[in-house]
Amino acid sequence: MSKHEFPLSGVHALLEPGPVVLLSSAAAGRANVMTQSWHTMLEFEPPLVACVISSRNHSFAAIDATGECVINLPGAALADAVVGCGNCSGASVDKFAAFGLSPEPARHVAPPLIRECFASLECRLVDRSLVARYGLFIFEVVAAWHDPALPHEPTLHHRSYGEFMLSGPGITLPSRAR
């Protein structure tokens, strides 16, 4: 066999599914933002997104209590803010101010959109059955926004412990999927 054994502790780096996002929440009149990369689409219509959020994260309590968040998609130009938000706690830092992020009111949920992100998804919790066991929240996207003035530049994809890669050029292949 030409393959070598791979450490189980590194499997997540092989399977990281999508772009790193900035997940905003709000509770008790205070907005927060966290860096998040463990998420996946579950359904097309209505759009359902599953996010794993550790109960050790400051945002967990707000999202668990309110059942709302906004998934904001940053481009590579926000890499410093993305990493900064992931390396400190909203319990002691106003991450919007600290990392130059601009909160904008959402239409359907209390957490804010982030102006500097090229897209934002307003979400409501629709299934909490796996929250206690895995920290897995299942959200329905109730509104989606994009800023055509912001380039859909390469997105960041977390590989492991401070290592990222950027999305590359797209290709189009034949598909029978709708």
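Let us look at the structure shown here.

The rules behind each value
Residues numbered from 1 in each chain as written. Predicted model: local features only at pLDDT ≥ 70, side-chain atom pairs only at ≥ 80, totals over all residues. Heavy atoms only, no water. Buried < 20%, exposed > 50% of the residue type's maximum accessible area, 1.4 Å probe, protein only. Helix = DSSP H or I, 4+ residues; strand = E, 2+ residues; numbered from the N terminus. Arc of directions from axis to C-beta. Contact = heavy atoms within 4.5 Å. Pairing = 2+ DSSP bridges. Axes fitted to C-alpha atoms, helices over the stretch in contact; angles between N-to-C directions.

1. A word on helix 3 (residues 79-86)
Phase 1: Burial in helix 3 covers these residues: Ala 81, Val 82, Gly 84 and Cys 85. Projection of helix 3 onto a plane perpendicular to its axis shows the buried side chains occupying an angular sector of 170°, all on one side.
Phase 2: Along its buried surface, helix 3 packs onto strand 1 (21-27), strand 2 (30-36), helix 4 (95-98) and strand 10 (156-160).

2. A closer look at the pairing of strand 4 (residues 48-52)
Phase 1: Inspection of the sheet shows strand 3 (residues 39-43) paired to strand 4 by four bridges, in the antiparallel sense. Counted as the bridge partner of Met 41 is Val 49 from strand 4.
Phase 2: Direction of pairing for strand 4 relative to strand 9 (residues 136-146): antiparallel, over a ladder of five bridges. Among the inter-strand pairings, Val 49 is bridged to a residue of strand 9, identified as Phe 139.

3. A short note on the environment of Ala 106
Phase 1: With respect to the helices and strands, Ala 106 occurs in the loop between strand 6 (103-104) and strand 7 (113-114).
Phase 2: Taking the relative accessible area as the measure of exposure, Ala 106 reaches 17% and is therefore buried.
Phase 3: Along the sequence, Ala 106 and Val 70 sit 36 residues apart, while their C-alpha atoms lie 8.3 Å from each other.

4. A short note on the sheet that holds strand 5 (residues 68-73)
Phase 1: Taken in spatial order, the seven strands of this open sheet run 2-1-5-8-9-4-3, and their pairing is antiparallel. Among the strands making up the open sheet, the edge pair consists of strand 2 and strand 3. The average angle at which neighbouring strand axes cross in this sheet is 35°, direction not considered.
Phase 2: Sheet topology note: the strand 1/strand 5 ladder contains three bridges and is antiparallel. Along strand 5, the bridge assignment pairs Ser 24 with Val 70.
Phase 3: Docked against the sheet, helix 2 (residues 58-66) engages strand 1, strand 2, strand 5, strand 8 (119-130) and strand 9, running at close to 60° with respect to strand 1.

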